[in-house]
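Working through the structure, step by step
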Amino acid sequence: MVPADWPEGVNKKAYGQDSSYDENRVEVKYKSGRRIYYRRNSTERQTHAVNMSMDDRKPVSGTKTEFRVFLSWFEKTLHGGTVPFYFPDVTVRDGKTERLYYMKETPTWNGQGKKEVSFTLEEA
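A few points on the structure. (Residues numbered from 1 in each chain as written. Predicted model: local features only at pLDDT ≥ 70, side-chain atom pairs only at ≥ 80, totals over all residues. Heavy atoms only, no water.)

Here we look at the overall build of the chain
Looking only at helices and strands, one finds one helix and nine strands in the chain. Put simply, the chain runs from its N terminus to its C terminus through helices and strands in the order β-β-β-β-β-β-α-β-β-β. Radius of gyration (C-alpha) of the chain: 18 Å, far over the 14 Å computed for a compact globule of 124 residues. Principal-axis analysis of the C-alpha atoms gives the chain an extent of 65 × 30 × 25 Å. (Helix = DSSP H or I, 4+ residues; strand = E, 2+ residues; numbered from the N terminus. Rg over C-alpha atoms; globule rule 2.2 N^0.38 Å.)

See the structure below:
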């Protein structure tokens, strides 16, 4: 699957990062009560819940606002989060380093003119 690029006309300024590791172990429980844990994957993956502020008033692409461009990209390019995409590394924050992420949870938003959008990134 070919990774997607971030949509043109949508800012890349994420804030309010809340990071953690994905659960990467499987528990095997014996009748005796003994438990053993095994790793699912050889690498530990991190998830990052982030927020973004997007404008929903001024068109940036045809008649679509920044927020509407983002929603269209999520639906038509990411196919609901199944396609990975390039986004600035939220852990390095140098503005130059990009990483490949999946959108682990669908975006949620609130507000009218300015939308506060929240979503969770998972390292690909």
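Next comes the rest of the description.
Thoughts on the side chain of His-48
Relative to the elements of secondary structure, His-48 occurs in strand β4 (residues 46-55). Engagement of the side chain of His-48 in a polar contact is seen with the side chain of Ser-19, the distance being 2.6 Å. Excluding anything up to four places from it in sequence, His-48 contacts Gln-17, Asp-18, Ser-19, Val-90, Thr-91, Tyr-101, Phe-119, Thr-120, Leu-121 and Glu-123. (Polar contact = N/O pair within 3.5 Å; in protein donor to acceptor, adjacent residues only side chain to side chain. Contact = heavy atoms within 4.5 Å.)

Quick look at the pairing of strand β8 (residues 98-110)
Inspection of the sheet shows strand β7 (residues 85-88) paired to β8 by four bridges, in the antiparallel sense. Looking at β8, one finds that Phe-85 is bridged to Tyr-101. Where β8 and strand β9 (residues 114-123) come together, seven bridges link them in antiparallel fashion. Bridge pairing links Tyr-101 to Glu-123 in β9. The loop that links β8 with its antiparallel partner β9 comprises three residues; one of these, Gly-111, has a positive phi angle of about 105°. (Pairing = 2+ DSSP bridges.)

Structural notes on a nonpolar patch on the surface
A cluster of nonpolar side chains, contributed by Val-26, Tyr-30 and Tyr-38, occupies part of the molecular surface with about 280 Å² of accessible area. Residue class for Val-26 comes out partly exposed when judged on its relative accessible area of 35%. (Patch = residues over 30% accessible without salt bridge, like charges linked within 9 Å, V, L, I, M, F, W, Y side chains within 5 Å. Areas by Shrake-Rupley, 256 points an atom, 1.4 Å probe, with all protein chains shown as cover. Salt bridge = Lys/Arg side-chain N within 4 Å of Asp/Glu carboxyl O. Buried < 20%, exposed > 50% of the residue type's maximum accessible area, 1.4 Å probe, protein only.)

A closer look at unusual backbone geometry
Phi angles above zero are rare outside glycine, and His-79 is one such case at about 50°. The topology assignment puts His-79 in the loop between α1 (66-77) and β7.

Side note on the packing of aromatic side chains
Summed over all chains, the structure comprises nine aromatic pairs. On the numbers, 4.8 Å between centres and 65° between planes, the contact of Trp-6 with Trp-73 is edge-to-face. Here Trp-6, found in the segment before β1 (15-21), pairs with Trp-73, found in helix α1; they are 67 residues apart in sequence, far enough to count as distant. Pair check on accessibility: Trp-6 and Trp-73 agree, each one buried. A network of ring pairs unites the aromatic residues Trp-6, Phe-70, Trp-73, Phe-85, Phe-87 and Phe-119 as a single cluster. Against the face of Tyr-37 rests Arg-25, its NZ or CZ located 4.0 Å from the ring centre. The ring of Phe-67 carries the charged tip of Lys-115 above its face, separated from the ring centre by 5.4 Å. (Phe/Tyr/Trp six-rings, centres within 6.5 Å; stacked < 30°, edge-to-face > 60°. Lys NZ or Arg CZ within 6 Å of the ring centre and 35° of its normal.)

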